[in-house]
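Residue-level listing of the chains:
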Amino acid sequence: MMEITLLNGQQTEAAIPALSALLADSIEDNASMGFMAPYDNEGVETYWQQVAAGVAAGSLVLLAAEIEGEIVGTVQAGFAQKPNQPHRADVMKLIVRRKVRGRGIARKLMEALDTVCIEAGRWLLVLDTATGSDAEAIYPRLGWQRVGVVPDYALYPEGGYCDTTFFYKRLGDQPR
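Residues numbered from 1 in each chain as written. Predicted model: local features only at pLDDT ≥ 70, side-chain atom pairs only at ≥ 80, totals over all residues. Heavy atoms only, no water.

**Examining helix H5 (residues 134–141)**
Since the α-helix advances by 3.6 residues per turn, residues separated by three or four positions end up pointing in the same direction.
Then, in step 1: For H5, the full list of buried residues reads Glu136, Ile138 and Tyr139. An end-on view of H5 places all buried positions within 155° of arc, on one side of the element. Opposite the buried face of H5, by more than 90 degrees, sit the exposed residues Asp134 and Arg141.
Then, in step 2: Just past H5, the residue Gly143 takes up positive phi, approximately 90°. (Buried < 20%, exposed > 50% of the residue type's maximum accessible area, 1.4 Å probe, protein only. Helix = DSSP H or I, 4+ residues; strand = E, 2+ residues; numbered from the N terminus. Arc of directions from axis to C-beta.)

The structure is reproduced here in structure tokens:
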């Protein structure tokens, strides 16, 4: 059975080895996650330490999907910190371990994230993803609106430019 958990800063810190392994699985799959192959273990751990600090500070939320005690997926939302954006969050790093893909884990993580964000008053969500990736196909099915594509936005871990598609989603009833 799968369980989705909203991690606090201490839980995130304690889960860094598992989170690093999850991210490594994604990098090894050539997913554009901000890291190049071969990935640097220290750099990946430093990244997750920064996430833990953001979670502890309240500027970031991290959800983890677990099956039998193993973290098999995550998603994050960074809460915009500018005074004119108190309603917005940036969705980042939807990751599902390859061996469990196709079981609805990404959908459940994103639905749980919608709930967390709306409870935090963050009703406008934005994200970007590699154009043509399996991930890109998920978002429209979850109510996300495609904004457009920026060519050559990033690099794939194994090299080569990656176009990036931007999406947004409005949650619940929000002021206009």
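**Description of the packing of aromatic side chains**
Then, in step 1: On inspection of all chains with the given rule, the structure shows five aromatic pairs.
Then, in step 2: Between the aromatic rings of Phe35 and Tyr47, the centroid separation amounts to 5.8 Å while the plane-to-plane angle is 85°, which identifies the pairing as edge-to-face. In this pair, Phe35 sits in the loop between helix H2 (16–28) and helix H3 (41–57) while Tyr47 sits in helix H3, placing the two residues 12 residues apart along the sequence.
Then, in step 3: By way of ring pairs, the aromatic residues Phe35, Tyr47 and Trp48 are connected into one cluster. (Phe/Tyr/Trp six-rings, centres within 6.5 Å; stacked < 30°, edge-to-face > 60°.)

**A closer look at the environment of Arg97**
Then, in step 1: Summarising the element assignment, Arg97 is placed in the loop between strand S4 (88–96) and helix H4 (105–119).
Then, in step 2: Classification of Arg97 by relative accessible area gives buried; the value is 15%.
Then, in step 3: Arg97 sits 39 residues away from Glu136 along the chain, and the two C-alpha atoms are 16 Å apart.
Then, in step 4: For Arg97, the contacting residues outside a window of four places in its chain are Ala21, Leu22, Asp25, Glu70, Ile71 and Val72. (Contact = heavy atoms within 4.5 Å.)

Any functional reading would require information that these geometric values do not contain.
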